[in-house]
Amino acid sequence: MNIGPQQAGDAENGRVERFLLGAGERVSLLYPGQIIAYRGAPQGRSDRFMTLKGMYRKRKLLQADLTGPCEFLTALPHGFYLKTLPIEGNSDLLFEFRNLFFYTPGIHMEHKLLQLKKMLVTRDWMKMKLSGEGLVGLLTYGPLYEIELDEREPLFVDARCVVAMPENASLKLCVYGNHLASQHMNYHWSMTGRGVALVQGSLAGPELEKEHRQDGLIKRVLREVIPFGGVFIK
């Protein structure tokens, strides 16, 4: 499997990622609407409904399973990047499901209920833990960076930029610096623990906010099920 940016797609209006799958290779794409070109047998693409948890977390109904040999292009809005991350064995990273763009066979997903304290801090009640052997693609606003954590010295990270964190991490919502600095900054996470945190290099843009808008269930169903529903139902 070969995944990488299409050189002609690195324009100001967005990026284009090229997927090249060999015979028998398969990838599950959670944003099938981003496919702009496909070359291969028509039966090589099979769309299916997500699980109920996936529908709730992703606010989407469908995902596409693509089997090689084939190649296809996916379009990313301006400012978004795709980072391919290998998963080997039991990873201790907890991910935001909204950042997951694709995964390959062999990846196991487990929804982890957060401790009450972390629920209050993150304003979320569940994260996703990945294990197994395979690849996942993370959709981030800006490049993705790894930052090593320390068990004693806290790392202050803008709460809007964290993509993944170790399950063992200790979190505290805070601001830092002098009085003037703390008055004019967004809330940060004070993080201590072992392992690395994954941080996106920019703040979420309007496209991502639009993707996660609180549409009603009926409107989302109609948009996904009706042919060309995404065009006619806004």
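Details of the structure are given in the entry above.
What you see is a predicted model; the values in this text were computed from it and never measured. (Residues numbered from 1 in each chain as written. Predicted model: local features only at pLDDT ≥ 70, side-chain atom pairs only at ≥ 80, totals over all residues. Heavy atoms only, no water.)

Chemist: Describe the nonpolar core, naming the residues involved and giving the relevant values.
Modeler: Core analysis: the biggest nonpolar cluster contains 35 residues, and F72, F95, F101 and L198 have the highest contact counts within it. For this core, the secondary-structure elements that each account for two or more residues are β2 (14-21), β3 (26-29), β6 (62-67), β7 (70-77), β8 (80-95), β9 (100-103), β11 (126-141) and β14 (162-166). Excluding residues that lie within four positions of it along the chain, F72 makes contacts with E17, R18, F19, L21, V27, L29, I35, A37, Y38 and L66. L155, C161, L171 and A197 belong to the second-largest nonpolar core, a separate cluster that totals 12 residues. (Core = buried A, V, L, I, M, F, W, Y, C linked by side-chain atoms within 4.5 Å. Buried < 20%, exposed > 50% of the residue type's maximum accessible area, 1.4 Å probe, protein only. Helix = DSSP H or I, 4+ residues; strand = E, 2+ residues; numbered from the N terminus. Contact = heavy atoms within 4.5 Å.)

Chemist: Describe the sheet that holds strand β15 (residues 170-174), and please don't skip the residues or the numbers.
Modeler: One open sheet accounts for three strands, arranged β13-β16-β15; its pairing is antiparallel. Of all strands in the sheet, those with a lone pairing partner are β13 (155-158) and β15, marking the two edges. For this sheet, the mean inter-axis angle between neighbouring strands, taken without regard to orientation, is 30°. Bridge analysis of β15 against strand β16 (residues 188-192) gives five bridges, and the strand direction is antiparallel. (Pairing = 2+ DSSP bridges. Axes fitted to C-alpha atoms, helices over the stretch in contact; angles between N-to-C directions.)

Chemist: A description of the packing of aromatic side chains should follow, citing residues and the corresponding values.
Modeler: This model, assessed by the stated rule, comprises five aromatic pairs. Judged by centre distance (4.8 Å) and plane angle (25°), the rings of F156 and Y176 are stacked. Remark: Y176 occurs in the loop between β15 and α3 (179-183) and F156 occurs in strand β13; sequence separation between them is 20 residues. Linked through ring pairs, F19, F72 and F102 together constitute an aromatic cluster. (Phe/Tyr/Trp six-rings, centres within 6.5 Å; stacked < 30°, edge-to-face > 60°.)

Chemist: Just give me the short version of the sheet that holds β7, but keep the residues and values in it.
Modeler: Taking strand neighbours across the sheet as the criterion, the four strands line up as β1-β2-β7-β4 in an open arrangement whose pairing is antiparallel. If you trace the sheet from one side to the other, it starts and ends with β1 (2-5) and β4 (35-40), each paired once. Averaged over neighbouring strand pairs, the angle between their axes works out to 15° when direction is ignored. Examined bridge by bridge, β1 and β2 share four bridges and lie antiparallel to one another. Note on β2: the bridge partner recorded for I3 is F19.

Chemist: Talk me through a negative patch on the surface; I want residue IDs and the actual numbers.
Modeler: A contiguous patch of negative charge on the surface is contributed by E146, E148, D150 and E153. Considering the arrangement of structural elements, one finds E146 in strand β12 (residues 144-148). (Patch = residues over 30% accessible without salt bridge, like charges linked within 9 Å, V, L, I, M, F, W, Y side chains within 5 Å. Areas by Shrake-Rupley, 256 points an atom, 1.4 Å probe, with all protein chains shown as cover. Salt bridge = Lys/Arg side-chain N within 4 Å of Asp/Glu carboxyl O. Lys, Arg positive; Asp, Glu negative; His and termini not counted. Charge placed at Lys NZ, Arg CZ, Asp CG, Glu CD.)

Chemist: Can you explain the pattern of salt bridges? Please cite residues and give values.
Modeler: Tallied over the full model, the rule gives eight salt bridges. With a closest N to O distance of 2.9 Å, E167 and K129 form a salt bridge. Separated by 38 residues along the polypeptide, E167 in the loop between β14 and β15 and K129 in strand β11 bring together distant segments of the chain. A residue is classified by how much of its surface remains accessible, and E167, at 27% relative accessible area, is partly exposed. The class for K129 is buried, based on a relative accessible area of 18%. When the shortest N-O distance is used, the salt bridge between R194 and E151 registers 3.7 Å.

Chemist: Summarise the environment of P69; cite the residues concerned and give the values.
Modeler: As for its position among the elements, P69 is in the loop between β6 and β7. Of the residues examined, P69 reaches a relative accessible area of 56% and is grouped as exposed. Separated by 48 residues in sequence, P69 and L21 have C-alpha atoms that sit 5.3 Å apart.

Chemist: How would you sum up the pairing of strand β17 (residues 196-200)? Please name residues and give values.
Modeler: Burial analysis of β17 places four of its five residues in the buried class, which makes it a mostly covered element. Two strands pair when backbone bridges link them, and β12 and β17 are joined in this way by five bridges, in the antiparallel orientation. If you follow E148 over to β17, its bridge partner there is V196.

Just distances and angles here, no functional claims.
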